[in-house]
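Okay, here's what each chain looks like letter by letter:
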Amino acid sequence: MRLHQVYFLLCYPWSSCLLSEYEVIYIQIDKLQSTFHRREQTASNTGEYVHLTKELLTSCESIEWQVDELEKTILVASRDPAYYGLDEVELSRRKKWTGSARNQVGTVRRAVEKGKSNSAASKYQDTSRTNLYSSQDNDDFISSESDRQQLLMRQQDEELDELSAGVQRIGGVGLTIHEELSGQERILNDLSLEMETTSNRLDFVQKRVAMVMKKAGIKGQIMLIVFLVVLFIILFVLVFLT
């Protein structure tokens with residue numbers, strides 16, 4: 001098992017993949033015991049009895065392999081529990097759970113391999129009593145994981161609320177900037193219109209002056225220039241010398 005997989009399984013016990021792993025094993029053990037009970041009700045000289053025996057042994061090997069993988073994960077976490085966000089109590093609970101699961105599977109395996117109906121029935125009764133306590137442990141464990149998952153969801157909801165408030169504030173600032181830019185755009189449009197109007201008026205005046213000067217001839221132009229010079233002198237005297 002790779003290190004990042006170990007980290008995921010142990011740091012996020014509320015995740016669906018980890019809960020599914022424990023639940024799958026729990027369901028398989030329950031099915032294993034049901035098959036074992038059905039085998040005990042079947043005559044030993046039938047083909048069904050042989051088939052059920054092979055099925056039980058195969059199921060035992062599969063469950064034991066899954067329990068081994070979980071124990072490897074717990075072993076890695078026990079070297080540095082703080083790194084994975086666990087404590088000794090949690091590790092102890094997980095070890096107890098896997099140990100109980102291994103004991104149940106081992107009891108069924110020994111009863112099947114022993115091949116004696118009476119002895120196997122006795123072993124199965126022990127397994128049933130063990131399963132009664134183990135079922136309670138499983139329910140407590142899954143309930144604890146569910147509580148942790150709900151706590152995580154509440155924390156995520158709070159973080160999303162804060163993020164939503166931040167987005168709303170940014171949206172308000174963006175709206176204000178947009179309104180200011182729209183106002184500036186209107187002012188620029190009005191200024192552009194006024195400049196265009198003024199330019200048109202200047203063109204009109206220039207055309208009128210050119211037309212007057214063209215009609216007046218050279219003498220008229222000279223008289224107009226003289227008049228403008230005299231007018232400038234008079235204005236200069238009035239402004240600066242009085």
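Calculation criteria
Residues numbered from 1 in each chain as written. Predicted model: local features only at pLDDT ≥ 70, side-chain atom pairs only at ≥ 80, totals over all residues. Heavy atoms only, no water. Helix = DSSP H or I, 4+ residues; strand = E, 2+ residues; numbered from the N terminus. Buried < 20%, exposed > 50% of the residue type's maximum accessible area, 1.4 Å probe, protein only. Contact = heavy atoms within 4.5 Å. Core = buried A, V, L, I, M, F, W, Y, C linked by side-chain atoms within 4.5 Å. UniProt positions renumbered as here; feature names shortened; annotations may be inferred. Polar contact = N/O pair within 3.5 Å; in protein donor to acceptor, adjacent residues only side chain to side chain. Expected span 1.5 Å × (residues − 1). Axes fitted to C-alpha atoms, helices over the stretch in contact; angles between N-to-C directions. Parallel < 35°, antiparallel > 145°, perpendicular 65-115°, else oblique. Left-handed = near helix turned anticlockwise from the far one by under 90°. Nonpolar A, V, L, I, M, F, W, Y, C, P; charged D, E, K, R; others polar. Salt bridge = Lys/Arg side-chain N within 4 Å of Asp/Glu carboxyl O.

Q: Quick one: what's the story with the overall build of the chain, residue by residue and with numbers?
A: A tally of regular secondary structure across the chain gives five helices and zero strands. Each helix (α) and strand (β) of the chain, taken in turn from the N terminus, gives the series α-α-α-α-α. Residues classed as buried in the chain amount to 26% of the 242 residues present. Counting contacts in the chain only where the partners sit at least 6 residues apart, residues at least 24 apart contribute 73% of the total.

Q: Describe the nonpolar core, naming the residues involved and giving the relevant values.
A: Among the nonpolar cores identified, the biggest contains 21 residues, and Ile25, Leu32, Ile63 and Val108 are the most heavily contacted of them. Among the secondary structure elements, those contributing two or more residues to this core are α2 (16-40), α3 (47-79) and α4 (88-114).

Q: So, the UniProt feature "transmembrane region" (unreviewed entry) in the chain: which residues are in play, and what are the values?
A: Feature annotation in UniProt places "transmembrane region" (unreviewed entry) on residues 222-241, given in this structure's numbering. What you have in residues 222-241 is 95% helix and 0% strand, and the ends, taken at the C-alpha atoms, are 27 Å apart.

Q: Requested: an account of the side chain of Thr42, with residues and values cited.
A: Mapping Thr42 onto the fold places it in the loop between α2 and α3. Residue classification places Thr42 among the buried positions, given a relative accessible area of 15%. In terms of polar contacts, Thr42 uses its side chain to reach the backbone carbonyl oxygen of Arg38, at 2.8 Å. Residue contacts for Thr42: discarding those within four places in its chain leaves Glu48, Tyr49 and Leu52.

Q: Describe the environment of Arg102, and please don't skip the residues or the numbers.
A: Its place among the elements puts Arg102 in helix α4. For Arg102, a relative accessible area of 28% corresponds to the partly exposed category. When the C-alpha positions of Arg102 and Ile29 are compared, they lie 9.7 Å apart, and in sequence the two are 73 residues distant. The residues contacting Arg102, other than those within four sequence positions of it, are Glu64, Val67, Asp68 and Glu71.

Q: Could you give me a rundown of α4, with the residues and numbers involved?
A: Here α4 is 27 residues long and its end C-alpha atoms lie 38 Å apart, about the 39 Å a rise of 1.5 Å per residue gives. Gly115 lies just past α4 and shows a positive phi near 75°.

Q: An account of the packing of α3 against α4 is needed here, citing residue identities and associated values.
A: Where α3 meets α4, the axes come as close as 10 Å, and the angle between the chain directions of the two elements is 160°. As judged from the angle between their axes, α3 and α4 are roughly antiparallel. Crossing of α3 against α4: the hand is left-handed. Per-class residue counts for the contact of α3 with α4 are 14 nonpolar, three polar and nine charged.

Q: Can you break down the pattern of salt bridges residue by residue, with the values?
A: Enumeration over the complete set of coordinates arrives at nine salt bridges. In this structure, Glu69 and Lys72 form a salt bridge, with 3.6 Å as the shortest nitrogen-oxygen distance. Note that Glu69 and Lys72 are positioned in helix α3 at a spacing of three residues, about one turn of the helix. Among the residues examined, Glu69 registers a relative accessible area of 18% and is labelled buried. When the shortest N-O distance is used, the salt bridge between Arg109 and Glu113 registers 3.2 Å. Here the residue Arg109 and the residue Glu113 both occupy positions in helix α4, the gap between them amounting to four residues, near one helical turn. Counted as one network, the salt bridges with shared partners bring together Glu64, Arg109 and Glu113.

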